[in-house]
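Topology and contacts: notes
The primary structure of each chain is shown beneath.
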Amino acid sequence: MIETDNLLSEINWGAWIADADATELARAIEYVTTHQIRTVVMTPDAVRVVWPWVEGRGIEIWAYLEYGAGRDSASELARGAKNAFMHGADGVIVTMRRRAIGAFADDMHVVRDDLFFNKNLTIALDASDVEPDQWSYVFSGLGRVRADGLMITCDNSVGLSSDFLGRVYGMLDNWDAGAFDGELNFALGDDLTRHVMASRLTQKMRPNGAAAARFFIPV
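Below, the structure is looked at part by part. Remember, predicted model here, so these are calculated numbers, not experimental data. (Residues numbered from 1 in each chain as written. Predicted model: local features only at pLDDT ≥ 70, side-chain atom pairs only at ≥ 80, totals over all residues. Heavy atoms only, no water.)

This part takes up the overall build of the protein chain. Within the protein chain one finds nine helices and eight strands. Computed over C-alpha atoms, the radius of gyration of the protein chain comes to 17 Å, within 12% of the 17 Å expected from 2.2 N^0.38 for 219 residues, which places it in the range of a compact globule. Each principal axis of the C-alpha atoms in the protein chain carries an extent, and together these give about 45 × 40 × 30 Å. Within the protein chain, the fraction of its 219 residues that count as buried is 51%. Pairs at least 24 apart in sequence give 74% of the contacts found in the protein chain among residues at least 6 apart. As displayed, the protein chain offers around 10,500 Å² of accessible surface, 46% of which is attributable to carbon and sulfur atoms. Measuring between centres, the 20 positive side-chain charges of the protein chain sit 4 Å from its 31 negative side-chain charges. (Helix = DSSP H or I, 4+ residues; strand = E, 2+ residues; numbered from the N terminus. Rg over C-alpha atoms; globule rule 2.2 N^0.38 Å. Buried < 20%, exposed > 50% of the residue type's maximum accessible area, 1.4 Å probe, protein only. Contact = heavy atoms within 4.5 Å. Areas by Shrake-Rupley, 256 points an atom, 1.4 Å probe, with all protein chains shown as cover. Lys, Arg positive; Asp, Glu negative; His and termini not counted. Charge placed at Lys NZ, Arg CZ, Asp CG, Glu CD.)

See below:
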């Protein structure tokens, strides 16, 4: 749980709920409502539990799904998304490796409007998995599937502040390399320093999109 609540007033926060246990979900949703957080990410199993609690409160629920490299990845993703939407999700976060972007766009661009009609489609990528010269490929794929947003995660292999900021800088510097014009989100774990650094760099390099950027903290 993040205790530095004063920072919540400085950045557009979202909540990341990893636990599907009913007791922990209730605690997390209490935190979300108390701090007026408007967007939450959770597992598909948690959606059906949480939706009745937040219905009508103006809180968006995004389900967290994975897209792999297997033959059945597209159909599994479609089933997962439909199930999440049926139980109240307003969108999905689809996490994948950078090299899977092309296959994902091939699989999804035809069914995009039917499957994600009136729902948010955000793609999550680990910044440590994308080199600066690969972002044009990424943005091209995001543009093909008309993703609503890009979420940047970052594993512990990028430990130094300079290394992490270099990854974010490379992404922002290549933002216009493709046809993607969606929102930018960050989910960087419980390290508030990374969130603040990413927010400041985004404001400097992409001021027009900085206001819409969301930073998801674990609760």
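Bringing the nonpolar core into the picture now. Within the largest apolar cluster, 69 residues are counted, with the highest numbers of intra-cluster contacts made by Phe104, Ile123, Leu150 and Met171. Here the element with the most residues in this core is helix 3 (residues 73-86); it accounts for six residues. Look past the residues within four positions of phenylalanine 104 in its chain and what remains in contact with it is Tyr67, Leu77, Val94, Met96, Leu121, Ile123 and Val145. Of all hydrophobic cores here, the second largest spans eight residues; its members include Trp62, Ile93, Ala124 and Phe216. (Core = buried A, V, L, I, M, F, W, Y, C linked by side-chain atoms within 4.5 Å.)

Okay, helix 2 (residues 44-54) next. Of the positions making up helix 2, those classed as buried are Ala46, Val47, Val50 and Val54. For helix 2, the buried positions fall inside an angular range of 105° around the axis, keeping them on one side. Where helix 2 is buried, its residues meet helix 1 (22-34), strand 2 (39-42), strand 3 (60-66) and helix 3. Residue glycine 56 follows helix 2 closely and has a positive phi angle near 85°. (Arc of directions from axis to C-beta.)

Before going further, it helps to spend a moment on helix 4 (residues 101-108). Among all positions in helix 4, only Ile101, Gly102, Phe104, Ala105 and Met108 are buried. Looking straight down helix 4, one finds its buried side chains confined to an arc of 165°; they lie on one side. For helix 4, the secondary structure elements touched by its buried residues are helix 3, strand 4 (91-95), helix 5 (112-115), strand 5 (120-126) and helix 6 (135-144).

As a further point, take the packing of helix 4 against helix 6. Here helix 4 crosses helix 6 at 10°, and the two axes come no closer than 9 Å. Put simply, helix 4 runs roughly parallel to helix 6. Where helix 4 approaches helix 6, its residues Ile101, Gly102, Ala105 and Asp106 are matched on the opposing element by Tyr137, Val138, Gly141, Leu142 and Arg144. (Axes fitted to C-alpha atoms, helices over the stretch in contact; angles between N-to-C directions. Parallel < 35°, antiparallel > 145°, perpendicular 65-115°, else oblique.)

Let us now look at the pattern of salt bridges. All told, the structure shown has seven salt bridges when counted by the stated rule. Residue aspartate 129 is joined to arginine 97 by a salt bridge in which the shortest nitrogen-to-oxygen separation is 2.8 Å. Here the residue aspartate 129 occupies a position in the loop between strand 5 and helix 6, and arginine 97 occupies one in the loop between strand 4 and helix 4, the gap between them amounting to 32 residues. Between aspartate 106 and arginine 144 there is a salt bridge; the shortest N-O distance is 2.4 Å. With a gap of 38 residues between them, aspartate 106 in helix 4 and arginine 144 in helix 6 connect regions that are remote in the sequence. Given a relative accessible area of 48%, aspartate 106 falls into the partly exposed group. The class of arginine 144 is partly exposed, set by a relative accessible area of 38%. (Salt bridge = Lys/Arg side-chain N within 4 Å of Asp/Glu carboxyl O.)

This part is about the sheet that holds strand 3. Adjacent strands of a sheet pair through backbone hydrogen bonds, lying either parallel or antiparallel. The strand order 1-2-3-4-5-6-7-8 describes a closed barrel built from eight strands, whose pairing is parallel. Each strand of the sheet is rotated relative to its neighbour by a mean of 25°, with strand direction disregarded. Summarising the sheet, strand 2 and strand 3 pair through four bridges and their orientation is parallel. Its bridge partner lying in strand 3, methionine 42 is registered against alanine 63. Contacts from helix 8 (residues 192-205) reach strand 1 (13-16), strand 7 (183-187) and strand 8 (214-218), with the element oriented near 180° to strand 8. (Pairing = 2+ DSSP bridges.)

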